[in-house]
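Listed below, chain by chain, are the residues.
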Protein chains: 2
Amino acid sequence: MRVCGSSPSPGPADGRDSLESVLDQIILDDCLRALARLPEASVDLIFADPPYNLQLDGELLRPNNTRVDGVHQDWDRFDDLAAYDRFTRDWLRACRRVLKPDGAIWVIGSYHNIFRVGAALQDEGFWLLNDVIWRKTNPMPNFRGRRFTNAHETLIWAAHGPRSRYTFNYDSLKAFNDDLQMRSDWLLPICSGPERLKDDTGRKAHPTQKPEGLLYRVLLGTSRPGDVVLDPFAGTGTTGAAARRLGRHFIGIERDSDYVKAARERIAAVEPLSQQDLDTLKPKRAAKRIPFGALVESGLVQPGTALYDPRATVKAQVRADGTLACAGAQGSIHKIGAHVQGRSACNGWTFWHFRDGGELRPIDVLRERLRTQLENGAEHAP
Amino acid sequence: MRVCGSSPSPGPADGRDSLESVLDQIILDDCLRALARLPEASVDLIFADPPYNLQLDGELLRPNNTRVDGVHQDWDRFDDLAAYDRFTRDWLRACRRVLKPDGAIWVIGSYHNIFRVGAALQDEGFWLLNDVIWRKTNPMPNFRGRRFTNAHETLIWAAHGPRSRYTFNYDSLKAFNDDLQMRSDWLLPICSGPERLKDDTGRKAHPTQKPEGLLYRVLLGTSRPGDVVLDPFAGTGTTGAAARRLGRHFIGIERDSDYVKAARERIAAVEPLSQQDLDTLKPKRAAKRIPFGALVESGLVQPGTALYDPRATVKAQVRADGTLACAGAQGSIHKIGAHVQGRSACNGWTFWHFRDGGELRPIDVLRERLRTQLENGAEHAP
DNA sequence: CCTACAACTGAATCGTTCC
DNA sequence: GGGAACGATTCAGTTGTAG
């Protein structure tokens, strides 16, 4: 095992690498060997772009008789489906060992391999969260006209297990997408132009380099700054580059020394974003909980204040203990909100409104005001 | 086994149905039993919409506390993945027997089951030709904000074997698609409105009825007039209806008598199409909506960039997730635009400007630039 | 008649914290 | 660990009703 910039070393006596020793490095080694040396439950997110097992024999010619430069590398050759399945299950199992219980994995593939991978993920105990379609704006056409233009690839997003509390930056993604929920189909160009790494002879350095935009969206949406992101098939380092740019740690594993060299140079050249620029939208769920009673306690809401439903057809009164009284019933803002609507549940913060001049405003704005007060106060506290 | 309009009959002595006796019929029977009675190598195309094994548990409420009417039918219950795999391999094997050597199969599914199905197809000897993505224009949202909107389903198109001379109507699909090669991602609305079959009580007759437009495209592209199309999970007969409309023969198998009744009535009412009508079935071209986040992702706007209102009195900063930060507030370009103007809504694309030399220009010009890049990005000219 | 608005709906693996 | 309370969360439609 070799790490970026260091000379070959035998590693510690227990055959394990410390996480620190490989952090933000590309490891030059076989994927299974390197994974076995990592400590278990140590990484937050995995992004894997395994060989697709394309099964291309012969060559493909364009209509003008030029040859299509397909994937013919040895690493994409497997004897049969069973061999590919064994390979898949082995690296998935090794990945799951090093993944934290609340971590998640992404795998990208095409119809040649993604069904094997998806089934193996389920068999190994991962819990599928979504399949996501990368729609290519500029796919290679089908030159022979015998099939549909293969215009997409499939990504699978899966948690360590059914009860994992995986990271999903819902609010950030929604803002990113002009205030609409992010869908499972993503439109992105393929990696070309200056972004595409070239070797010394000017040919593409790697046959299947992924666009950094794809990794940008994956990391922004399903990891947090400071997380450790592992890529067991690092190739020319797209995951590492995106991770470095977005303030995530990365560990890459790649067995081809030419790819490793290209990846290390590329990642070293990446300028990380500033902390401020990384200050993405905070999820509401992470905000500190403020009970309604605290608003009464702080004087922001006076006991006796009248609250109304959005259309001001129901009126309730605030009690000194932070409960609401309405038509004989009394309880929390949520309970009474559910009660007056005849429903089993209700978010009282958005249901109940107070009069502010002529307008009705949800009491949630008062909670927001108190939250700001508390945060500013906390900054000045010792 | 019973066929449409005929009384129950024991069938011929060899336990086989003649093809003629079941042509253009919906067979009321279990899928495996009915398949076993069909002559081998007798159908040209199979379209299968098997149970997805959704594994739904408990109930799901919309934000307004109404209940989502999920798929809780018995036919979608399996003990575990192994049971689902056995079921899948059994019906696929039975289908392959009745399929002509140059025939093909389509199977539709979601991430819950499609990886099992795809792997089983390969294991049973089918040869995958494409996976096709049905992108829904109007999917059900993710109500809890825990995952990406599940906005697509996957279809797999596979030939009987690697050397099958399958049908692919390249030219008619290309004409159908405004003279562009038909891609592997199809945009279609879900089945709703008058097309959606209702039962006597006005509720949906089947929980998962597919849009006929999807079947039009499948049959138009991968079968010929006069072909025999088999649907082993016929449900309320969408495949049969599309086949009859397009001048193909069909055989449907369905074990639920209510579904069979609805399907037979529906298909009987179908008026086969004229060529002129076929021409009106053009797919809608996808309008390319570009969210602000895509500008950041693509590098056209760098995180940290300053944006201004038209008179440069307000300044805001772009974050890595495509949100704007301004005077302590953070959100989408639209939200923050509305916020700084004290309005409830704002078109951020025209409100926010960036410095271009000495001039302020609306960010909408950057969106236009990206749109052009995406459309002209084709690396390979055909 | 039309327009406006309210209500309803779709293959869905859709919590977390505190006591 | 079990149960209750808290409280976060939706898009593109179609259908039905009111005016």
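Predicted model only: the values in this text are computed from it and were never measured.

Near DNA strand D, the surroundings consist of 29 residues, among which Tyr170, Lys174, Gln181, His334 and Arg367 of chain A are the closest. Within 4 Å of the protein, atoms of DNA strand D come from sugar and phosphate in 65% of cases. Separating a phosphate oxygen of DNA strand D from a side-chain N or O atom of Arg367 of chain A is a distance of 2.7 Å. Within the backbone of Pro139 of chain B, an N or O atom sits 3.5 Å from a base oxygen of DNA strand D. Take the surface near DNA strand D: its biggest share by element is three residues, from helix H5 (residues 170-176) of chain A. Across the surface near DNA strand D, the residue classes break down as ten nonpolar, ten polar and nine charged.

Looking now at the domain arrangement of chain A. Assigned domains of chain A: these are domain 1 (19-55 + 63-277) and domain 2 (292-379). Once you take the C-alpha centre of each, domain 1 of chain A and domain 2 of chain A turn out to be 47 Å apart.

Time to look at the interface of chain B and chain A. Taken residue by residue, the interface counts 78 residues in chain B and 77 residues in chain A. Of the roughly 7,100 Å² buried at the junction of chain B and chain A (both faces included), carbon and sulfur atoms supply 51%. A per-residue breakdown of the area chain B buries against chain A is headed by Phe115, Phe148 and Glu297 of chain B, which together make up 13% of the total. For the pair chain B and chain A, the interface holds six salt bridges. With nine residues, the single largest contributor to the side of chain B that touches chain A is strand S4 (residues 127-136) of chain B. In terms of residue class, the side of chain B that touches chain A is made up of 35 nonpolar, 26 polar and 17 charged.

Quick look at the sheet that holds strand S1 (residues 25-28) of chain B now. Residue and element names in this part refer to chain B. The strand order S1-S8-S7-S2-S3-S5-S4-S6 describes an open sheet built from eight strands, whose pairing is mixed. On the outer flanks of this sheet lie S1 and strand S6 (185-188), each paired with one strand and no other. For this sheet, the mean angle separating the axes of adjacent strands, direction not counted, is 20°. Judged from the two bridges that link them, strand S2 (residues 43-48) and strand S7 (residues 228-231) form a sheet pairing that is parallel. Each bridged residue has a counterpart across the sheet, and for Ile46 the counterpart in S7 is Leu230.

Turning our eyes to something else, we now look at the UniProt feature "domain: RAMA" (unreviewed entry) in chain A. As recorded in UniProt, the sites labelled "domain: RAMA" (unreviewed entry) are residues 275-374 of chain A. When the span residues 275-374 of chain A is considered, its composition is 31% helix and 21% strand, and the gap between its end C-alpha atoms is 23 Å.

Residues and elements named next belong to chain A. Across the eight residues of strand S5 (residues 152-159), eight count as buried, placing the element largely inside the fold. Here S5 shows no split at all, with His152, Thr154, Ile156 and Ala158 on one side and Glu153, Leu155, Trp157 and Ala159 on the other all buried. Sheet analysis places strand S3 (residues 99-109) next to S5, joined by six bridges and oriented antiparallel. Of the residues in S5, the one forming a bridge with Trp106 is Trp157. Both strand S4 (residues 127-136) and S5 contribute to a ladder of eight bridges, which runs antiparallel. Pairing of Arg135 across the sheet is with His152, part of S5.

Residue and element names in this part refer to chain B. The environment of DNA strand C is formed by 39 residues, the closest being Gln55, Arg62, Tyr111, Met140 and Arg144. A share of 45% of the atoms of DNA strand C within 4 Å of the protein falls on sugar and phosphate groups. Between a base nitrogen of DNA strand C and a main-chain N or O atom of Tyr52, the distance comes to 3.0 Å. The separation between a phosphate oxygen of DNA strand C and a polar main-chain atom of Pro207 is 3.2 Å. Here the residues of the surface near DNA strand C sort into 18 nonpolar, eight polar and 13 charged.

Cut-offs applied
Residues numbered from 1 in each chain as written. Chains lettered and ligands numbered in written order. Predicted model: local features only at pLDDT ≥ 70, side-chain atom pairs only at ≥ 80, totals over all residues. Heavy atoms only, no water. Near = heavy atom within 4 Å. Polar contact = N/O pair within 3.5 Å; in protein donor to acceptor, adjacent residues only side chain to side chain. Helix = DSSP H or I, 4+ residues; strand = E, 2+ residues; numbered from the N terminus. Nonpolar A, V, L, I, M, F, W, Y, C, P; charged D, E, K, R; others polar. Domains from an automatic or database assignment. Contact = heavy atoms within 4.5 Å. Buried area = accessible area lost by both parts, 1.4 Å probe. Salt bridge = Lys/Arg side-chain N within 4 Å of Asp/Glu carboxyl O. Pairing = 2+ DSSP bridges. Axes fitted to C-alpha atoms, helices over the stretch in contact; angles between N-to-C directions. UniProt positions renumbered as here; feature names shortened; annotations may be inferred. Buried < 20%, exposed > 50% of the residue type's maximum accessible area, 1.4 Å probe, protein only.

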